[in-house]
Amino acid sequence: MSEQAEKKPAKIILRELAAQATQDAWDAKARGEKVGWCASNFPQEITTTMGIPVVYPENQGAAIAAKGGALPMCELAESMGYSRDLCSYSRINFAFAKLKKSEEQDIPQPDFLLCCNNICNCMIKWYENLALELDIPLLLIDIPHLDAFECDDDRIKYIRAQFDDCIVKLEKITGKKWDEQKFKEVMANSQRSSKGWLKAVDYMKYTPSPLSGFDIFNHMAVACVARGTQEAAEAFEQLAEEYDEAVKAGTSTFKAQEEYRVLFEGIACWANLSYTFKTLKNLGVNVTATIYGPAFSFLYDNVDELMAAYSYVPNSNCFDREVELRVRDAVKNNVEGAVIHMNRSCKHWSGNLYELERRLREQVGIPTVVFDGDQADPRNFSEAQYATRIQGLVEIMAENKRKKGAMTYE
């Protein structure tokens, strides 16, 4: 067989890389190394450069929810006194910290915690509580909400000082040393990964799209857990190549006739991922724009730009800049409507969505629908509401197509 014929599909490689990142942490724990729990938008360049194994409770929460195990974990956390209003990822993690095992997605217990607040301020209280309960050190990098379109020099210096301080503290905790040359290699790999991932996602601009938009949710984990590795860079580049070949061949991973193209706004409903996807698919609706997955790409050319990049994640970014990203993708990717996930868990993100929805309608000229849900807690999602809202959106998009067709023939 040829080398090309023997090569694994990129989706398989990405799945294996995500699993390997967790296994690497288990192996390190078995060797007696210090292992950390890490927030998803914490600068991975630090831990990757130092060879420090970390796992991501948010990823674990998503995996547990996708495999049907979120509800008992959430209920256990609530029985321990945690409010149901808290982020479902945090409740799952509090339950896991008590149980210390999960059939759906097990991870090693932490020796230290790495946190940043460019995600939300709930993250700080979540990790502070873990540090207290588990009696382990917590290292925090404060990345304030961006109140201007660009990250200024003072903000970059503030973040960089904490970046450098974190390295010193991690050297003391883990006994591992910083390597400047390795840091440059990790930054280079991170750029390859980010650009490869964004290139792959960009193929949604083609009509029909060579991929189902829900592929983004399935493939994004590696962009979080292994972005600074050569293996991740090569896998994302291969994924882009596969989509390029699909465009040429006229094939797609979206196994239905693509009748309508929509933007999906917000975090996936991991506990209801199959239902949310199939409801769209059965009506010929493909997701061809989403910010959530691509947000785990961090583009920079130097260390200062690296610091700025972590200010541009969705929940830390300037709102006008976030609107511009959605409008640009909606126009470029020819979306005909938008599906807005009002996520009970992610209050920071959801708080801006009514205004974001209004801007999308006005600036792109598309119909939008909002549905209630949650990134992990299945109690906050209604199949009937979701189906009704999607059906209504399809009816509007169908009428818009009919009117457009009528105008074309006049």
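The rules behind each value
Residues numbered from 1 in each chain as written. Predicted model: local features only at pLDDT ≥ 70, side-chain atom pairs only at ≥ 80, totals over all residues. Heavy atoms only, no water. Helix = DSSP H or I, 4+ residues; strand = E, 2+ residues; numbered from the N terminus. Rg over C-alpha atoms; globule rule 2.2 N^0.38 Å. Buried < 20%, exposed > 50% of the residue type's maximum accessible area, 1.4 Å probe, protein only. Phe/Tyr/Trp six-rings, centres within 6.5 Å; stacked < 30°, edge-to-face > 60°. Lys NZ or Arg CZ within 6 Å of the ring centre and 35° of its normal. Axes fitted to C-alpha atoms, helices over the stretch in contact; angles between N-to-C directions. Parallel < 35°, antiparallel > 145°, perpendicular 65-115°, else oblique. Left-handed = near helix turned anticlockwise from the far one by under 90°. Contact = heavy atoms within 4.5 Å. Nonpolar A, V, L, I, M, F, W, Y, C, P; charged D, E, K, R; others polar. Pairing = 2+ DSSP bridges. Patch = residues over 30% accessible without salt bridge, like charges linked within 9 Å, V, L, I, M, F, W, Y side chains within 5 Å. Areas by Shrake-Rupley, 256 points an atom, 1.4 Å probe, with all protein chains shown as cover. Salt bridge = Lys/Arg side-chain N within 4 Å of Asp/Glu carboxyl O. Lys, Arg positive; Asp, Glu negative; His and termini not counted. Charge placed at Lys NZ, Arg CZ, Asp CG, Glu CD. Expected span 1.5 Å × (residues − 1). Polar contact = N/O pair within 3.5 Å; in protein donor to acceptor, adjacent residues only side chain to side chain. Arc of directions from axis to C-beta.

Attention now moves to the overall build of the protein. Helix and strand counts for the protein come out as 18 helices and eight strands. For 410 residues, the compact-globule formula gives about 22 Å, and the C-alpha radius of gyration of the protein, at 21 Å, lands near that figure. For the protein, the spread of C-alpha atoms along the three principal axes comes to 75 × 55 × 50 Å. For the protein, with 410 residues in total, the buried portion stands at 54%.

Looking now at the packing of aromatic side chains. Throughout the structure, instances matching the rule amount to 23 aromatic pairs. An aromatic cluster of three or more residues is present, and its members are F214, F217, F264, W270, Y275, F277, Y292, F296, W349, F371, F381 and Y386. Against the face of F149 rests R321, its NZ or CZ located 5.4 Å from the ring centre. Here R321 stacks its cationic end above the ring of Y312, 3.9 Å away from the centre of that ring.

Moving on: the packing of helix α9 (residues 180-202) against helix α12 (residues 230-249). For the pair α9 and α12, the least separation of the axes is 8 Å and the interaxial angle reads 20 degrees. One finds that α9 runs roughly parallel with respect to α12. The crossing of α9 and α12 is left-handed. Where α9 abuts α12, its residues N189, R192, S193, G196, W197, K199 and A200 lie against Q230, A232, A233, E234, F236, E237, L239, A240 and Y243. Here the residues of the contact of α9 with α12 are counted per class, giving eight nonpolar, four polar and four charged.

Across a sheet, strands are paired by hydrogen bonds formed along the backbone, either parallel or antiparallel in direction. Here four strands make up an open sheet; going across it, the order is β2-β1-β3-β4 and the pairing parallel. The sheet terminates laterally at β2 (54-55) and β4 (138-141), the two strands that pair on one side only. Pairing of strand β1 (residues 36-38) with β2 involves two bridges; the strand directions are parallel. If you follow G36 over to β2, its bridge partner there is V54.

Attention shifts here to unusual backbone geometry. The residue after T207, namely P208, is reached through a cis peptide bond having omega -5 degrees. Along the polypeptide, P208 turns up in the loop between α9 and α10 (214-219). One non-glycine residue, D135, lies in the positive phi region at around 55 degrees.

Another point: a negative patch on the surface. The grouping of D152, D153, D154, D301, D304 and E305 at the surface amounts to a negative patch. Those elements that place two or more of their residues in the negative patch are α8 (153-174) and α14 (303-309). Within the secondary structure layout, D301 lies in the loop between β6 (285-289) and α14.

For helix α6 (residues 88-99), with 12 residues, the first-to-last C-alpha span of 16 Å sits near the 16 Å given by 1.5 Å per residue. In this structure, the buried residues of α6 make contact with β1, α4 (57-66), α5 (70-79) and α7 (121-134). Of the residues trailing α6, K100 is marked for its positive phi of about 65 degrees.

With that out of the way, let us pick up the pattern of salt bridges. Applying the stated criterion across every chain, the model contains 30 salt bridges. The residue E245 makes a salt bridge to K248 at a minimum N-O spacing of 3.9 Å. Here E245 and its partner K248 are both found in helix α12, three residues apart, which amounts to about one turn of the helix. Under the relative-accessibility criterion, K248 is labelled exposed at 61%.

Further remarks concern the sheet that holds strand β8 (residues 368-373). Spatial ordering of the open sheet is given by β6-β5-β7-β8, a layout of four strands whose pairing is parallel. The outermost strands of the open sheet, each flanked by one partner alone, are β6 and β8. Between one strand axis and the next, the sheet turns through 35 degrees on average, direction left out of account. With six bridges joining them, strand β7 (residues 337-343) and β8 adopt parallel strand pairing. Pairing of A338 across the sheet is with T368, part of β8.

A word on the side chain of N117. Relative to the assigned elements, N117 resides in the loop between β3 (112-116) and α7. Look at N117 and you get buried, because its relative accessible area is 13%. A distance of 2.7 Å separates a polar side-chain atom of N117 from the backbone nitrogen of I143. Every residue in contact with N117, bar those within four places of it in the chain, is listed here: I124, L140, I141, D142 and I143.

This next bit is on the pairing of strand β5 (residues 260-265). For β5, a buried count of six out of six residues is recorded, marking the element as mostly surrounded by other parts of the structure. Of the two faces of β5, the one carrying Y260, V262 and F264 and the one carrying R261, L263 and E265 are both buried. As defined by bridge partners, β5 adjoins β6 across four bridges and the pair is classed as parallel. From the neighbouring strand, L263 faces β6, where its bridge partner is A289. With four bridges connecting them, β5 and β7 associate as parallel partners. Directly across from E265, in β7, lies its bridge partner I340.

Turning next to α5. Within α5 the residues assigned to the buried category are A70, M73, C74 and A77. The buried side chains of α5 occupy one side of the element, clustering within an arc of 100 degrees when seen end-on. Residues of α5 that are buried make contact with α4 and α6. Of the residues one or two after α5, G81 is the one with positive phi, at around 110 degrees.

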